[in-house]
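# Structure at a glance
For reference, the chains in residue letters:
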Amino acid sequence: MEQRTLLALMVFSSLIVLAETNDQKHAVEIYSLHVDCKVTSRFAHTVITSRIVNRANESQEATFEVELPKTAFITNFSMSIDGEVYPGIIKEKTAAQNEYDSAVSQGQSAGLVKITDRKLEQFHVSVSIAAASKVTFQLTYEELLKRQLGKYELLIKVRPKQLVKHFQIDVHIFEPQGIHFLETDSTFMTNELTEALTKVQNETKAHILFKPTLDQQKKNSELDETLLNGDFVVRYDVKREATAGDIQIVNGYFVHYFAPQEMPVFPKNVIFVIDRSGSMTGRKIEQTRDALLKILQDLRQEDHFSFITFNNKVVEWKSSLLPATEENVASAAALVQTLTARGGTDISGALLAAVGVLEKAEGLPEQSISMIILLTDGQPTSGERNVEVIQENVQKAINGKYALFCLGFGFDVSYKFLEKMALSNGGIARRIYENADAALQLQGFYQEVATPILMQIEMQYPENSIEGLTKNNFKLFFEGSEIIVSGKISNELDFLPVEIKAQSHMSNFTLKEEANVKEKEQVFQNQKYIFGNFIERLWAYLNIQQLLEEAISAQEEDQKALEAQALDLSLRYSFLTPLTSMVVTKPQQQEELANKPTEADNEKPSSLPARGALRVKSGSPAGRWRSELQAGSNRKMFSVSRFRDAVRAQPIANEHPQLLLQLPRQNERICLNIDKRAQTSVHLLSDPEQGLTVMGKLGDGINHFVQFDINYVNPPVQIHVYTHAILVSHNNKNNWLSWTKSTSSTIQGLKVSVEKERSITASLPNTVTVKIALVSFPDDFLGLYFLNTDRFSDKVTGVLGQFYSKVQFDSNSNNDQRAVERLLRVSGSEHKVSRSYKKDYRLESASEPVSCWSIDLTP
């Protein structure tokens, strides 16, 4: 029997740890987990060390996953198994691919790193552990924390799924400017866990330690279930004086931080260009309406605004921009509430119309900033459809006068197209993920650009004394953000002068500052928080980020030169970037590649089988191969050894089943699909002795369940689970719960727990536990399953319930593990079932396929 353990660490300036076992609970045990994060002048250096032991009497497989910020660069990875160290080596991507097996190197990405969230990407590697052996995983990454809305944020998602004997998170912060404020927050903290949290802080340093004991981690003294499940957040900002910013110097490299405060805000002239094509139907257009209504309330009275909506037709709300008076805002809100979605997508016509409105606008404030904010969820299907022509025409029309911000809603958009168009016109692009908080994502983006306080900023340094200067000219500066410039001091200087020229709402101004080089160097001497030449690494990190961004909108020859410079820095400083690969060597000379994906790689997955890939599970008996569909070009996963044999060996997993259940006392899974034509509301399960009934409703336009109704007799509680919210009813009182936050409550012994954007659990002592997973990609649906199913009585009935009492495989049916068909007896009826590979909605990572016996039923 195959045994599988999944160990995942998810880090977004952060960490999530996940461990699951099948068949043998915690056979592979995490006995030590340490996250050590040193933040020095915003530059964060994080080392994750996980030690695990195989307590089984046979080999086990562990999969190590770390979810880290998209903006971070992995710098080091190693595995240590029985004293043997297996390091990851960073090489130029093409060279690394050429060393790989030809089946892998034909232009396809390896799957050790994939995008999993709007802010996160996941590093992933698996290894076989011999009985009684130990393995240590260690991963290091670096990133420059970005100031947004007046603060830096370090989010640590904690989810071990088991008790960890030595669990510890250390966050060290050193800010020479001084720490203005520092706070911690958590979604899972209890009074007991609060005792495990300590914070020590002085003028420039802080140390936050979270080190819960085993007893503090437990939900209760009887069960080995962990409380560590949620977000742990550190937020802070630094002190600033009314000067030309702060300069810091180490080993001949400098970094200059500039973030002026309390300056008057420029009036904005903003045109919202909103896609209302047919693909925006439903949740997208609803969330867009919600966000726009909030954004309208955030407009300042001195701002001017207008709307252009488009499908295959472009409609201007007004022929000119209007001041943001109470009356005009109310009129716009009325328009927003009537937005409906249908038709094609004329992006070109809409953007050129927006430029035209700005061009002919009259009566705008003399000192003001004009911007266009585009929101679309698809490709151009009407009007001009050639994206290169659209980019060229829009850039020519804007001509450097306005800023263009492009928001791509979901995965049908060409993010590369939007990103190039935004960067070519002084703006940025952002993908809006189709989650429950999409409206908040839209509002959050607007807040970032809502308060411009400077324009045309020039940061000037002595030309003859500085080499490798990063970007030092900026078109706009928004309140709550920060400008960062770095470079190398090439000549012996006693003082480093800086001059800042910028335009504020009131006037043009110049700021001058001089940094004493020796004094600045002295600040970082003998500091235990410092990780070596951190400013030099910060300089390289910033250079690479800016070179790659500049290459997006550059001409082909310039693009190659920019990428060559970025590649040279990536190799010199061992950064895993989109231009490099990390070669991870494992026991038995197996090799895998880690490639860093970009947001442009993260488009909607194709259903073509060619986009799937295979991975060896080396810890399973006889080296059994299993298939895994890793959707999207950046999500393919390959093991070189016996690759071609594996391709021929297994089918590829396709979609989620409607219902997935584990047969009682049998190591077999059933994937159950109900004929939707029969009825939309389905009686799934009733057990009179358990006092439990479950009904389900299939969705319109989606072949999955979108509603479950759970009814308990004692206590008399009804739980109605929808994809948008949860309703708990008891004694004629209704309580709505949101998917957007974790919560827990108990009603006469019935515990109802919501795990944020993941699942709801209903549990009652001595009763079957009901769990429902929320699956949000590509369409929202719900997945039902049960725990402690041995508690079902013989009287359990229903489409799903019958499988828990009256089911058996035919004794003459082929029970060979390789069989593709068998006979199954259910409630006296005989069904032919076939082996399938489906995505498991019970797992945190839904891309992991499982083998199951597929059966179609009509209620």
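None of the values given here were measured: they were computed from a predicted structure.

### Details of the overall build of the protein chain
For the protein chain, the count of helices and strands is 14 helices and 52 strands. Each of the 859 residues in the protein chain was classed as buried or not, and the buried ones make up 58%. In the protein chain, 67% of the contacts between residues at least 6 apart in sequence involve partners at least 24 apart.

### Things to note about the sheet that holds strand 31 (residues 508-516)
Across the sheet, which stays open at both edges, the four strands sit in the order 28-26-30-31 with antiparallel pairing between neighbours. Here the strands that pair on one side only, and so sit at the sheet edges, are strand 28 (473-478) and strand 31. This sheet shows a mean twist of 25 degrees between the axes of neighbouring strands, independent of strand direction. In terms of strand pairing, strand 26 (residues 452-460) meets strand 28 through five bridges, oriented antiparallel. When the sheet's bridge partners are listed, Pro452 is paired in strand 28 with Phe478.

### Here we look at the confidence of the model for the protein chain
Predicted confidence across the protein chain gives a mean pLDDT of 82, with 84% of residues reaching 70 or more. Contacts from residues 102-111, a stretch scored under 50 in pLDDT, to residues over four places away or in other chains number 25 contacts. Note that residues 605-653 has pLDDT below 50 and, in this model, 131 contacts with residues that lie over four places away or in other chains.

### Re the environment of Asn54
With respect to the helices, strands and loops of the structure, Asn54 is situated in strand 4 (residues 43-54). On the basis of relative accessible area, Asn54 is assigned to the buried category, the value being 1%. Considered as a pair, Asn54 and Lys134 are 80 residues apart in the sequence and their alpha carbons are 6.4 Å apart. If we skip the residues at most four places from it in the chain, Asn54 touches Ala27, Val28, Ser59, Gln60, Ile129, Ala130, Ala131, Ala132 and Ser133. In this structure the side chain of Asn54 is engaged in a polar contact, spanning 2.9 Å, whose partner is the backbone oxygen of Glu58.

### Points about a negative patch on the surface
Residues Glu549, Glu550, Glu557 and Asp558 make up a contiguous surface patch of negative charge. Taken together, the elements giving at least two residues each to the negative patch come down to helix 12 (534-552) and helix 13 (556-572). Inspection of the secondary structure puts Glu557 in helix 13.

### Let's talk about the pairing of strand 4
Of all twelve residues in strand 4, eleven are buried; the element is thus mostly enclosed. Judged from the twelve bridges that link them, strand 3 (residues 28-40) and strand 4 form a sheet pairing that is antiparallel. Along strand 4, the bridge assignment pairs Val39 with Ala44. In sequence, strand 3 turns back onto strand 4 through a hairpin of two residues, with Ser41 there showing a positive phi of about 50 degrees.

What counts and what doesn't
Residues numbered from 1 in each chain as written. Predicted model: local features only at pLDDT ≥ 70, side-chain atom pairs only at ≥ 80, totals over all residues. Heavy atoms only, no water. Helix = DSSP H or I, 4+ residues; strand = E, 2+ residues; numbered from the N terminus. Buried < 20%, exposed > 50% of the residue type's maximum accessible area, 1.4 Å probe, protein only. Contact = heavy atoms within 4.5 Å. Pairing = 2+ DSSP bridges. Axes fitted to C-alpha atoms, helices over the stretch in contact; angles between N-to-C directions. pLDDT = per-residue confidence, 0-100. Polar contact = N/O pair within 3.5 Å; in protein donor to acceptor, adjacent residues only side chain to side chain. Patch = residues over 30% accessible without salt bridge, like charges linked within 9 Å, V, L, I, M, F, W, Y side chains within 5 Å. Areas by Shrake-Rupley, 256 points an atom, 1.4 Å probe, with all protein chains shown as cover. Salt bridge = Lys/Arg side-chain N within 4 Å of Asp/Glu carboxyl O. Lys, Arg positive; Asp, Glu negative; His and termini not counted. Charge placed at Lys NZ, Arg CZ, Asp CG, Glu CD.

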